[in-house]
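Architecture at a glance
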Amino acid sequence: MFTKAKFPQCHASTICQTSRGLVVAWFGGTREKDKDVGIWTSYHDGNRWSSPKEWATGVQHESLRYPCWNPVLFQYPGGPLMLFYKCGPAPDSWWGMVMSSGDGGATWTSPARLPEHIDGPVRNKPILLKDGTLLCGSSTEFD
């Protein structure tokens, strides 16, 4: 996918097939838990992989940035590509975030925080039930 990166480490990759091609995401930065760790993506256009691009930075405001963690891609049948991930200072205090793409991962919406105590899928892809419910394996990281 790439031989040189703008980040020294990456971790927790996820991949998804879209109508446009493959899309991958991972978290990357100096080291896991460092404030410069963000969510990066790349997509395959049928010929080559796009350059990695950081879409989620964990920036809260001008002087506060948290690391991002554990991206999970999910393609709704006939709908948007979803990117779930966690943001926060540490796993025991992170929260769920989500972004979506209508063009197979070329562009993404602004990040949105999931409702309180809803982390979304923490590591594995969700399951879409027949009634439209998205079932997400999750966990808590405290106590």
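The text that follows walks through the structure, step by step, so that each part is easy to find. (Residues numbered from 1 in each chain as written. Predicted model: local features only at pLDDT ≥ 70, side-chain atom pairs only at ≥ 80, totals over all residues. Heavy atoms only, no water.)

With that out of the way, let us pick up the side chain of T14. If you trace the backbone, T14 turns up in strand β1 (residues 9–17). A distance of 3.2 Å separates the side chain of T14 from the backbone nitrogen of L73, its partner in a polar contact. At a separation of 3.4 Å, a polar atom in the side chain of T14 contacts the side chain of K125. Look past the residues within four positions of T14 in its chain and what remains in contact with it is V23, V24, A25, P71, V72, L73 and K125. (Helix = DSSP H or I, 4+ residues; strand = E, 2+ residues; numbered from the N terminus. Polar contact = N/O pair within 3.5 Å; in protein donor to acceptor, adjacent residues only side chain to side chain. Contact = heavy atoms within 4.5 Å.)

Below, the discussion takes up the packing of aromatic side chains. Counted according to the given criterion, the structure contains 6 aromatic pairs. Between the aromatic rings of F7 and W26, the centroid separation amounts to 6.1 Å while the plane-to-plane angle is 55 degrees, which identifies the pairing as tilted. In this pair, F7 is assigned in the segment before β1 and W26 in strand β2 (residues 22–29), connecting sequence segments 19 residues apart. Using a relative accessible area of 8% as the deciding quantity, one classes F7 as buried. Between F74 and Y76, the aromatic rings sit 5.1 Å apart at their centres with planes inclined by 85 degrees, giving edge-to-face as the arrangement. A residue is classified by how much of its surface remains accessible, and F74, at 8% relative accessible area, is buried. Classification of Y76 as partly exposed rests on a relative accessible area of 24%. Site record: aromatic cluster; members linked through ring pairs are F7, W26 and W40. Residue placement shows K53 over the ring face of W55; its charged tip is 4.1 Å from the ring centre. (Phe/Tyr/Trp six-rings, centres within 6.5 Å; stacked < 30°, edge-to-face > 60°. Buried < 20%, exposed > 50% of the residue type's maximum accessible area, 1.4 Å probe, protein only. Lys NZ or Arg CZ within 6 Å of the ring centre and 35° of its normal.)

Read these as layout, nothing more, since geometry by itself doesn't imply function.
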